Amino acid sequence: MGKVVLVTGAARQLGGRFVRRIQRDPEVERVIAVDAVTPPHRLGSAEFVRADIRQSGIARVLAENAVDTVVHLAVTGGAATGAGSGSYATVKETNVIGTMQLLGACQKSPTVRRLVVKSSTSVYGGTSRDPAVFTETTQPKSLPAAGFAKDAVEVEGYVRGFARRRPDVAVCVLRFANILGPFADSALAEYFSMPLIPTVLGYDPRLQFVHEDDVLEVLKLAAQEPRRGGGTLNSGTSGTFNIAGDGVLLLSQCARRLGRPTVPLLLPAVTWVGSALRAVGATDFSPEQIRLLTHGRVVQTSQMREVLGFEPMYTTAETFADFTRSRGSGLLPPERVGRAVDRVAGLLNVEAGTEAVAEGAKR
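Numbering of residues starts from 1 in each chain and follows the order in which that chain's sequence is written. The predicted origin of the model limits local features to residues at a pLDDT of at least 70 and limits the giving and counting of side-chain atom pairs to 80 or more, whereas totals for whole chains, interfaces and linings rest on all residues. To obtain the side-chain values, all non-hydrogen atoms of the structure were included, while hydrogens and water were left out.

A.B. asks: Explain the overall build of the protein to me, please; I cannot follow it from the model alone.
C.D. replies: Only DSSP runs of H or I with at least four residues qualify as helices, and only runs of E with at least two residues qualify as strands; both kinds are numbered from the N terminus onward. Regarding its fold elements, the protein presents 12 helices and 15 strands. Partly exposed describes any residue whose relative accessible area lies between the buried limit of under 20% and the exposed limit of over 50%, with all areas from a 1.4 Å probe on protein chains only and scaled to the type maximum. Residue burial in the protein is summarised as follows: out of 363 residues, 48% are buried. Here the contacts in the protein between residues at least 6 apart in sequence split such that 79% fall between residues at least 24 apart. In these tables, accessible area is a Shrake-Rupley quantity obtained with a 1.4 Å probe, and a residue counts as shielded only by the protein chains included in the view. As displayed, the protein has an accessible area near 16700 Å², and 56% of this comes from carbon and sulfur atoms. For this analysis, residues touch if any pair of their heavy atoms sits within 4.5 Å.

A.B. asks: Whenever I open this one, helix α1 (residues 13-22) confuses me. Can you help?
C.D. replies: Note that an α-helix has 3.6 residues per turn; residues three or four places apart therefore point the same way. Of all 10 residues that make up α1, 9 are buried, and the element is covered over most of its length. Within α1 the residues assigned to the buried category are Gln13, Leu14, Gly15, Gly16, Arg17, Phe18, Val19, Arg21 and Ile22. Here the buried face of α1 lies against β1 (3-8), β2 (28-35), β4 (69-72), β5 (114-120), β7 (178-180) and α6 (212-223).

A.B. asks: Is there a simple way to explain the packing of α1 against α6 in this structure?
C.D. replies: Between two packed helices, both the angle of their axes relative to each other and the distance between the axes serve to describe the pair. Helix axes are fitted to C-alpha atoms over the stretch in contact, other axes to C-alpha atoms as well, and angles between N-to-C directions run from 0 to 180 degrees. At a minimum axis separation of 10 Å, α1 and α6 run at an interaxial angle of 50°. By the angle between their axes, α1 is oblique relative to α6. Handedness of the α1/α6 crossing: right-handed. Contacts between α1 and α6 pair Gln13, Leu14, Arg17, Phe18, Arg21 and Ile22 from the former with Glu212, Asp213, Val215, Leu216, Glu217, Leu219 and Lys220 from the latter. Residue composition of the contact of α1 with α6, by class: 6 nonpolar, 1 polar and 6 charged. Between 65 and 115 degrees an angle is taken as roughly perpendicular, under 35 as roughly parallel, over 145 as roughly antiparallel, and anywhere else as oblique. Throughout, a crossing is termed right-handed when the near helix is turned clockwise from the far one, and left-handed when it is turned anticlockwise from it by less than a right angle. Under the grouping applied here, Gly and all other residues not named as nonpolar or charged are polar, the nonpolar ones being Ala, Val, Leu, Ile, Met, Phe, Trp, Tyr, Cys and Pro and the charged ones Asp, Glu, Lys and Arg.

A.B. asks: Please clarify how the environment of methionine 313 should be interpreted in this entry.
C.D. replies: Of note, methionine 313 is situated in the loop between α10 (302-306) and α11 (316-327). Exposure remark for methionine 313: the relative accessible area of 53% places this residue in the exposed category. The spacing of methionine 313 and valine 210 is 103 residues in sequence and 9.5 Å in space, taken between C-alpha atoms. Among all residues touching methionine 313, those that are not within four sequence positions of it are Asp213, Asp214, Glu217 and Glu318.

A.B. asks: Which parts of the structure should I look at to understand the side chain of glutamate 212?
C.D. replies: Locating glutamate 212 in the fold gives a position in helix α6. Polar contact criterion, stated in full: a pair of N or O atoms within 3.5 Å, where within protein one must be able to donate a hydrogen and the other to accept it, and residues adjacent in sequence count only if both atoms are side-chain atoms. In terms of polar contacts, glutamate 212 uses its side chain to reach the backbone amide nitrogen of alanine 184, at 3.3 Å. Residue contacts for glutamate 212: discarding those within four places in its chain leaves Gln13, Arg17, Ile179, Leu180, Gly181, Pro182, Phe183 and Ala184.

A.B. asks: What exactly am I supposed to notice about unusual backbone geometry here?
C.D. replies: Only a minority of non-glycine residues have a phi that is not negative, and only a minority of peptide bonds are not trans. You will see that alanine 66, though not glycine, has its phi angle at about 50°, which is positive. Relative to the assigned elements, alanine 66 resides in the loop between α2 (58-65) and β4.

A.B. asks: Mind showing me how you'd approach α11 here?
C.D. replies: Here, expected helix span is obtained from the residue count minus one, scaled by 1.5 Å. Taking 1.5 Å as the rise per residue, α11 with 12 residues should run 16 Å; its terminal C-alpha atoms sit 17 Å apart, in good agreement. Turning to α11, its buried residues are Thr316, Thr319, Phe320, Asp322, Phe323 and Thr324. Looking at the buried side of α11, the elements it contacts are β7, α5 (187-192), β9 (206-207), β10 (209-211), β14 (249-250) and α7 (251-258).

A.B. asks: Any chance you could explain the nonpolar core here in plain terms?
C.D. replies: Among soluble globular proteins, nonpolar side chains are generally buried collectively. Counting 31 residues, the largest nonpolar core has Val71, Leu174, Leu219 and Ile243 as its most contacted members. Those elements that place two or more of their residues in this core are β1, α1, β2, β6 (170-176), α6 and β13 (239-243). What leucine 174 contacts, discounting residues up to four positions off in sequence, is Val116, Val117, Lys118, Ser119, Ser120, Val218, Leu219, Ala222, Phe241, Ile243 and Leu308. Each nonpolar core is a collection of buried residues, namely Ala, Val, Leu, Ile, Met, Phe, Trp, Tyr and Cys, held together in the definition by side-chain atoms within 4.5 Å.

A.B. asks: Please clarify how the sheet that holds β4 should be interpreted in this entry.
C.D. replies: In sheet architecture, strand pairing relies on hydrogen bonds along the backbone and comes in two forms, parallel and antiparallel. A pair of strands is considered paired only if DSSP assigns at least 2 bridges between the two. Taken in spatial order, the 7 strands of this open sheet run β3-β2-β1-β4-β5-β6-β13, and their pairing is parallel. Whereas interior strands pair on both sides, the edge strands pair on one side only; in this sheet they are β3 (47-50) and β13. Ignoring strand direction, the axes of neighbouring strands in this sheet form an average angle of 20°. Relative to β4, β1 is paired through 4 bridges, and the arrangement is parallel. Residue pairing across strands places valine 7 opposite valine 71, the latter belonging to β4.

A.B. asks: How do you make sense of the confidence of the model for the protein when you look at a structure like this?
C.D. replies: Caution is warranted with low-pLDDT regions, since their predicted coordinates should not be read in detail. The predictor reports its confidence for every residue as pLDDT, a score running from 0 up to 100. When the pLDDT values of the protein are averaged, the result is 85; 81% of them are 70 or greater. Within the protein, the lowest mean pLDDT, 38, falls on strand β12 (residues 232-233), and the highest, 98, falls on β10. In this model residues 80-85 is a low-confidence stretch, pLDDT under 50, and it forms 7 contacts with partners more than four residues away in sequence or in other chains. Across residues 228-235, confidence stays below pLDDT 50; counting only partners more than four residues off in sequence or on other chains, it has 7 contacts.

A.B. asks: Can you help me understand the pattern of salt bridges in this one?
C.D. replies: When their charged atoms lie close together, side chains carrying opposite charge are able to pair. The term salt bridge refers to a pairing of a side-chain nitrogen on Lys or Arg with a carboxyl oxygen on Asp or Glu at a separation within 4 Å. Per the counting criterion, the structure on display carries 18 salt bridges. The salt bridge partner of aspartate 168 is arginine 166, with a shortest N-O separation of 2.9 Å. Residue aspartate 168 is classed as partly exposed on the basis of its relative accessible area of 37%. Via salt bridges that share partners, Lys92, Lys150, Asp151 and Glu154 belong to a single interconnected network.

A.B. asks: For this particular structure, what's the right way to read the packing of α7 against α11?
C.D. replies: For the pair α7 and α11, the least separation of the axes is 10 Å and the interaxial angle reads 35°. Remark: the crossing between α7 and α11 carries right-handed chirality. On the side of α7, the interface is formed by Cys254, Arg257 and Leu258, while α11 contributes Ala317, Phe320, Phe323 and Thr324. Taken together, the residues that form the contact of α7 with α11 break down as 5 nonpolar, 1 polar and 1 charged.

In structure tokens, the structure reads:
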């Protein structure tokens, strides 16, 4: 008998693609796709079950299908297409309450042997006091106070508790950097698709991306049976892992490659613009995203390679290039944007140098 895999969040683009991808695994016999709404996309030969993971009925789904592998992708920063209410309260309930119900069902299930949870590098927060590079054991200087980042922190706490109560279940938590690609539907993808890109004056953050194709592959790897050696489970596909493409890009480099001019604003103005954009539904320009676009975030991925055994196909730059091709050219040719940015930077450096000389003369 092959494995029976249950996937939550099947109505989202990423969830639907993973459902279709995992069906091609020869070790998998059945795939149970779960969501509170009917997916707008095809799910292949998977069995779709309309169920709200916030309700106790998810335990019955696990029991009736003798599920042995659970891939929890319903931890997200926004509502699925066609999901009706996209209010933050609904999303938070699905993230936190839904995870609690799902873990409770997994704890009672005698057949569940593997749990994979989609998380985010946003759990590290983002402040000026943070280290240049985060590892999986880095403690944030200040925990996220709200938004998806706070949800992810709470979810990981519940998952750690579950792992202690069910040591026989192999648990893998994947902390993804910002996911981009031709089909990306995240808030950051919407931000980069704007004709004018608002930025925080005086900051040029370092960013990391992971390609959505790599996300599918590492999820598939994490859902596979742990290797056995010496009679014990090998931890190769268990634990917590940062997942990101090699290298980093500055926000200014991203704008150049998109051919979209930036609009540097003081931080209070960026916050106001973000609130206005959210109010009109243009994009989810949340305080969490503003912190990312102020301080940036870079994570170390050595554990991903050495322990999990995963090598991304795309670097950060290649991921962004693939995303850029899918979005088309911006208002200006990238070369023209680059020259303009260089001229402004040159003027600012000259002005700063002049001020320094004048200050030295006064002394």
